[in-house]
Amino acid sequence: MKQYFKRSLSRQFILTMAAFITLFIIGSSIIVTIYNVKQSEYQETSEKLENKERIVIQIDKGYADVISDIRGYFAFNNPDLLQKATSRELELDTLIKSFEGLSETIDDQQFINEVKEFDRFYFEESLPPSLEDFEKGQVEELATRAKTSSTPRVEKFQDDVDDYRSLLDSRIEEHFKSFTEFSAFMNFAMVTFNGVMLLLLLFIIRASLNGIGRPLTDLAHASERLSVGDHEVTLPAYNERRQDELAVLTKSFSLMLSAIKEKEQTLIDSNDELLHQQDELQAQQMELENLIDQMEMREDQLRHLNQLINSLSNSLDEDEVLNSIVKGFSAVIGADRGMIVLLDQEHTHASWGLSEESTEQFIEHIFDGLSERVIEEKQIYVTERKLVRSEKGLHTEDQRCYDIYIPVISSTDKVEGIMVFSRFSSGYSADELEEYFGLSKQIAISLEKIQLYTFTESERVMNQRILDTIHEGVQLMSLEGELQQINKTFCELFNCEADEMQLGSSLSQWMEFMKQRVEQPTEIEAFIHGIINGHQDDNVQLKYTIQDPKYRVIEVYAEPLIRDFIKVGWVFVHRDITKEHEADQMKNELVSTVSHELRTPLASVLGFTELLLNKQLKEDRQKKYLTTIYQEAKRLTSLINDFLDVQRMESGKQTYDKKFHALHPLLEDIINNESIQLSKAHQMKLIQETDNDMVFIDRDKMIQTFQNLIHNAIKYSPEGGIITVSISEDNEHINVSIKDQGLGIPKEALPNLFTKFFRVDNTDRRKIGGTGLGLAIAKEIVKAHDGDIRVESELKEGSTFTVSLPKMEVSPEILVEQNVQEQVEGRVIIVEDDRHLASLLSTELIESGFQIETYSKGEDAIEALKREVPDAIVLDIMLDNSRLNGWDVLEEVKQSKQLSEVPIFISSALDEKEKAYDLGAQGYLVKPYSPSQLSKLILQALLTHERRGAIHIPKEDL
């Protein structure tokens, strides 16, 4: 056999090339086989790990649902929840058995043992006695068992499940990392092997050329010399063991030298044969070059594959990854065009080498034809067809196109998308299809990561939006104090720009930002450091103030952030309590003011009363003291009425008795009354600039308003001056202006001047005193008359208050009817348990011409009413010594046909007018009040009743 190859250069060359090709094929096959085996092992192991993780998640969720349903049953006593929980036990047993079939490691076996132990504990040891306690109503025993046994065991089981899931995740990650490293190593091995084989091929070519070319060159040189007639040619001496064509040629050439003339034709034939062999060598060289080209193509394909894998792991942007997939996959398989379409609601897609029209057409029919088949069968599908005219370009001859449909299958065995590629050059081998299918799974894993990232980002945005809806400033930070999230309200409180409070800022960075904006930087720093370092209880709160962008009082408190029963951070809540702070200040001011305003007149009343009781005084001095007591009592009554007026106005229960009145005489009476107590430093004058001063008002309420304004003008002009009251008109209003030359009002106080309890913060004004209610009441009264009150003031120059009331046109008939005075007599029953007040009211009504009967008990009054029907009833609500109170008497009277039309007037310290009017009362007087008011009210009601023949229920509040 050895001699057989020695005798032929072609056989030697073929043997050499066969050995080279065999070595190349064996080496490449080994590398590819190792890669494929490793890839199959990776896929098998990945599927096992993913199945384990899926079953663990289902087990975790199953037990969580069972525990939630059992707790729901205990909380709401819903039997459906108990039935639902017990029905899940069989499902959990199935999952446990499924996991046992996948158990391989000690950790797996340990985990399944823990699951079985927990299953036995929960369904056999914990649940039955708990249900028995619940059904027996033994709630405390149930709570004790849950606290001491069930809950700790459930928490431990959840921790074990989380630990095992973390172990599985790390195994999957390590397995993927290992396979990636192995793929990179195999790529490097393939490139290295190709390089070595290429060097070996070059060495073989060079040795072949040296073994054949040099002897040929020598023979050619000798032949050239021989051709020019040099017959003294000396041939080189070759190894005698050489038996190939060159040896034969040399021997033949030697013989030829001796018989060149006779054998010239033989020499030519031998030369032709040599040329033919040279052509054969060139053909073999071309074949070898083709093999090298194929190796380079495979190397290029591996490079594109590596680039595709890198692009999948280097980005989380879905559009970018999809474009990388299309281009990278096209490069790997040598496709001329392609696209990928995800089977989501939007049909997210990317294409390469396709028109927009073609892409839309494919998406429109994605669930028809071949695409539907690929989705159902979850396998690669290849079609062969002729190129249409639009696809040929410059070519006119028939060409073939090979379309490949590749499903993108997720780890849950669901088709998430379809890839379609077209290749014009050639079809696809079975190895290629298997490789492409494996590569599509890697693409599916990458897409799942992107979907998970997108979902996580969506949840983060949603959490931020939820935080932004909270009206308190919220900071979320780690245990080390790193800022993780803030809401919109926090930025508004601290007027922070986007680059000032960046997420991820350290504790010192964002703490420095806050310290620059608060007025108590030391306190806020100590509070936050104390919370984070655990030196301070997390239920402690701190108040601080901010001046920029506006003054605010903030209350901050902290709550630990718990995840899976582990503290993972802190939530600091900054609540704006400016209004509450101002309300507290106002309340304190109110208490101080009311205390002062009440104690002062009470001191006078008590002092002068004691003098009158204990000393014998002259009549004029007694009268003076009694006058002082009366004035101080009126002052107390006015103060109480102010508070009651504010309460009624805020509740919308204030009523008004509006009639037509002229303002000039009304203001004239007020000024005359105020002038009696006016000091010599003050002067008052009334100016009327219009003849039309008729308005539709509640006289008493408007007198209260003007008295308040004129009294304030006098009070806040401590050094005297002229108080000018003027009446004017414009197109729609009658205007009353009260101008003084007093202290004036600061501009910053003007917006809050008509706010209840507001007083200008000034030492001079504090000495003057007051409750801060007068202007608030005045504004509400004017507003109820469809008018307006405004103020103009210059500090230390004085103030002008202007009341504008709607202008009225009044006929003389209305005024005559309004001022009718008639005398009427009647019988009035007074039901009052206070005998002093009953005596006072009786005296007033007797002087007004009425016949009076008084009763202290409701039942006695009912008996008297049944005997004889009176013209009116005055009724107290609180009848302490009576079986029936005032409400009982009122209801019984209105239910009687005989008594139902008798007008009833309530006289009570309770302010419950709305209830009284609903029960049928004619009028309502709140104690204390002037007795003359009662006589006027009864007289007006009886006169109206006589003229109209019906009971008139007024809307006024006297």
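Residues numbered from 1 in each chain as written. Predicted model: local features only at pLDDT ≥ 70, side-chain atom pairs only at ≥ 80, totals over all residues. Heavy atoms only, no water.

K.L.:
Give a description of the overall build of the protein that names residues and reports values.
P.N.:
Summing up its helical and strand segments, the protein has 27 helices and 22 strands in all. Within the protein, buried positions represent 39% of all 958 residues. Looking at the protein alone, contacts between residues at least 24 apart form 63% of all its contacts between residues at least 6 apart. In the structure as shown, the protein presents an accessible area of about 55100 Å², 51% of it carried by carbon and sulfur atoms. (Helix = DSSP H or I, 4+ residues; strand = E, 2+ residues; numbered from the N terminus. Buried < 20%, exposed > 50% of the residue type's maximum accessible area, 1.4 Å probe, protein only. Contact = heavy atoms within 4.5 Å. Areas by Shrake-Rupley, 256 points an atom, 1.4 Å probe, with all protein chains shown as cover.)

K.L.:
Break down the pattern of salt bridges for me, citing the residues and quoting the values.
P.N.:
Once their charged atoms are close, side chains differing in charge can pair, the charge on each being opposite to the other. Counted according to the given criterion, the structure contains 30 salt bridges. A salt bridge links Asp65 to Lys61, with the shortest nitrogen-to-oxygen separation between them at 2.9 Å. Of this pair, Asp65 and Lys61 are both found in helix H2 (residues 9-76), four residues apart, which corresponds to roughly one turn of the helix. For Lys61, a relative accessible area of 52% puts it in the exposed group. Here Glu525 ties to Lys515 by a salt bridge, and the two come within 3.3 Å at their closest N and O atoms. Placement of Glu525 in helix H15 (residues 521-533) and of Lys515 in helix H14 (residues 507-515) is noted, with a sequence separation of 10 residues between them. A residue is classified by how much of its surface remains accessible, and Glu525, at 26% relative accessible area, is partly exposed. Bridged by salt links that share partners, the residues Glu44, Lys48, Lys52, Glu104, Asp107, Asp108 and Arg171 form one connected network. (Salt bridge = Lys/Arg side-chain N within 4 Å of Asp/Glu carboxyl O.)

K.L.:
An account of the environment of Gln547 is requested, with residue identities and associated values reported.
P.N.:
Topologically, Gln547 is positioned in the loop between strand S8 (541-546) and strand S9 (552-563). Under the relative-accessibility criterion, Gln547 is labelled partly exposed at 41%. Taking C-alpha positions, Gln547 is 7.6 Å from Glu519, a pair spaced 28 residues apart along the chain.

K.L.:
Account for the sheet that holds strand S18 (residues 826-831), with residues named and values stated.
P.N.:
Read across the open sheet, the five strands follow the order S19-S18-S20-S21-S22; overall the sheet is parallel. Both edges of this open sheet fall to strand S19 (850-855) and strand S22 (923-926), since each of them pairs with a single strand only. Direction aside, neighbouring strands of the sheet carry axes that sit 20° apart on average. Of the pairings in the sheet, the one linking S18 to S19 comprises six bridges and is parallel in character. Within the sheet, the bridge partner assigned to Ile830 lies in S19 and is Thr854. Here helix H23 (residues 835-847) sits on the sheet in contact with S18, S19, strand S20 (872-875) and strand S21 (904-908), set at roughly 165° to S19. Running at roughly 140° to S19, helix H24 (residues 858-867) makes contact with S18, S19 and S20 of the sheet. (Pairing = 2+ DSSP bridges. Axes fitted to C-alpha atoms, helices over the stretch in contact; angles between N-to-C directions.)

K.L.:
Give a detailed account of a negative patch on the surface, specifying residues and quantitative values.
P.N.:
Where like charges cluster on the molecular surface, the negative patch consists of Glu356, Glu357, Glu360 and Glu364. Mapped onto the secondary structure, Glu357 falls in helix H9 (residues 356-364). (Patch = residues over 30% accessible without salt bridge, like charges linked within 9 Å, V, L, I, M, F, W, Y side chains within 5 Å. Lys, Arg positive; Asp, Glu negative; His and termini not counted. Charge placed at Lys NZ, Arg CZ, Asp CG, Glu CD.)

K.L.:
Which residues make up helix H3 (residues 79-102), and what are the values?
P.N.:
Every α-helical turn comprises 3.6 residues, leaving residues that sit three or four positions apart pointing alike. For H3, which comprises 24 residues, the first-to-last C-alpha distance of 36 Å matches the rise-based estimate of 34 Å (1.5 Å per residue) to within 8%. Taking the largest bend as the criterion, H3 deviates by roughly 25°, centred on Leu90. (Expected span 1.5 Å × (residues − 1). Bend = angle between axes of the 7 residues up to and from the residue.)

K.L.:
Provide a residue-level description of unusual backbone geometry, including the pertinent values.
P.N.:
For Asp564, which is not glycine, the phi torsion reads 55° and is therefore positive. Take Asp564: it is sitting in the loop between S9 and strand S10 (566-576). Of note, Lys796 is a non-glycine position whose phi angle comes to about 65°, a positive value. Of note, Lys796 is situated in the loop between strand S16 (788-794) and strand S17 (798-806).

K.L.:
Explain the nonpolar core to me, using residue names and the numbers behind them.
P.N.:
One finds Leu663, Phe706, Ile710, Ile738 and Phe801 to be the most contacted residues of the largest nonpolar core, which totals 38 residues. Of all the elements in the fold, those that place two or more residues in this core are helix H18 (663-676), strand S13 (694-698), helix H19 (699-715), strand S14 (721-729), strand S15 (733-739), helix H21 (774-784), S16 and S17. Ranked by residue count, the leading element in this core is H19, at seven residues. With 31 residues, the next largest nonpolar core counts Ile59, Leu95, Phe111 and Leu127 among its residues. (Core = buried A, V, L, I, M, F, W, Y, C linked by side-chain atoms within 4.5 Å.)

K.L.:
Just give me the short version of the environment of Met694, but keep the residues and values in it.
P.N.:
On the secondary structure map, Met694 appears in strand S13. Its relative accessible area of 16% is what places Met694 among the buried residues. For the pair Met694 and Phe660, spaced 34 residues apart in the sequence, the C-alpha separation amounts to 6.6 Å.

K.L.:
Describe H23, listing the residues and the values that go with them.
P.N.:
The end-to-end C-alpha distance of H23 is 18 Å, a good match for the 18 Å that 13 residues give at a rise of 1.5 Å each. Taken as a whole, H23 has its buried residues at Leu837, Ala838, Leu841, Ser842 and Leu845. The arc enclosing the buried residues of H23, seen along the axis, measures out at 135°, which places them on a common side. Exposed residues pointing more than 90 degrees away from the buried face of H23 are listed as His836, Ile846 and Glu847. Of the residues flanking the start of H23, the one acting as N-cap is Asp834, its side-chain oxygen 3.1 Å from the backbone nitrogen of His836. Immediately beyond the C-terminal end of H23, within one or two residues, lies Gly849, with a positive phi of roughly 95°. (Arc of directions from axis to C-beta. Polar contact = N/O pair within 3.5 Å; in protein donor to acceptor, adjacent residues only side chain to side chain.)

K.L.:
Residues and numbers for the packing of H24 against helix H25 (residues 886-895), please.
P.N.:
In contact at an axis separation of 10 Å, H24 and H25 are set at 20° when each is read in the N-to-C sense. When the axes of H24 and H25 are compared, the pair comes out roughly parallel. Here H24 runs over H25; the crossing is right-handed. Contact residues: H24 offers Gly858, Ile862, Leu865 and Lys866, while H25 offers Val889, Glu892 and Val893. Partitioned by chemical class, the residues of the contact of H24 with H25 number four nonpolar, one polar and two charged. (Parallel < 35°, antiparallel > 145°, perpendicular 65-115°, else oblique. Left-handed = near helix turned anticlockwise from the far one by under 90°. Nonpolar A, V, L, I, M, F, W, Y, C, P; charged D, E, K, R; others polar.)

K.L.:
Can you tell me about the packing of aromatic side chains, naming the residues and giving the values?
P.N.:
In total, this model carries 21 aromatic pairs according to the counting rule given. Members of the aromatic cluster, joined through ring pairs, are Tyr63, Phe118, Tyr122, Phe123 and Phe157. Lys38 extends its terminal NZ or CZ atom over the ring of Phe182, reaching a point 5.6 Å from the ring centre. Above the plane of the ring of Phe121 lies Arg153, whose end atom (NZ or CZ) is 4.6 Å from the centre. (Phe/Tyr/Trp six-rings, centres within 6.5 Å; stacked < 30°, edge-to-face > 60°. Lys NZ or Arg CZ within 6 Å of the ring centre and 35° of its normal.)

K.L.:
Requested: an account of the packing of helix H8 (residues 318-333) against helix H12 (residues 430-469), with residues and values cited.
P.N.:
As a packed pair, H8 and H12 sit with axes 11 Å apart at the nearest point and diverge in direction by 170°. On the basis of the axis angle, H8 is roughly antiparallel to H12. Listed contacts from H12 to Glu318, Val321, Leu322, Ile325, Phe329 and Ile333 of H8 are Tyr436, Leu439, Ile443, Ser446, Leu447 and Ile450. Of the residues that constitute the contact of H8 with H12, the class distribution is 10 nonpolar, one polar and one charged.

K.L.:
Now, about a nonpolar patch on the surface: what can you tell me, with residues and values included?
P.N.:
Together, Leu23, Leu200 and Phe203 line one region of the surface with nonpolar side chains, adding up to about 280 Å² of accessible area. With respect to the helices, strands and loops of the structure, Leu200 is situated in helix H5 (residues 139-227). According to the relative accessible area criterion, Leu200 is partly exposed, its value standing at 30%.

K.L.:
Describe in detail the side chain of Asp698, supporting the description with residues and values.
P.N.:
Within the secondary structure, Asp698 is located in strand S13. In this structure the side chain of Asp698 is engaged in a polar contact, spanning 3.2 Å, whose partner is the backbone nitrogen of Asp700.

Functional significance is not addressed by these values, which are geometric in nature.
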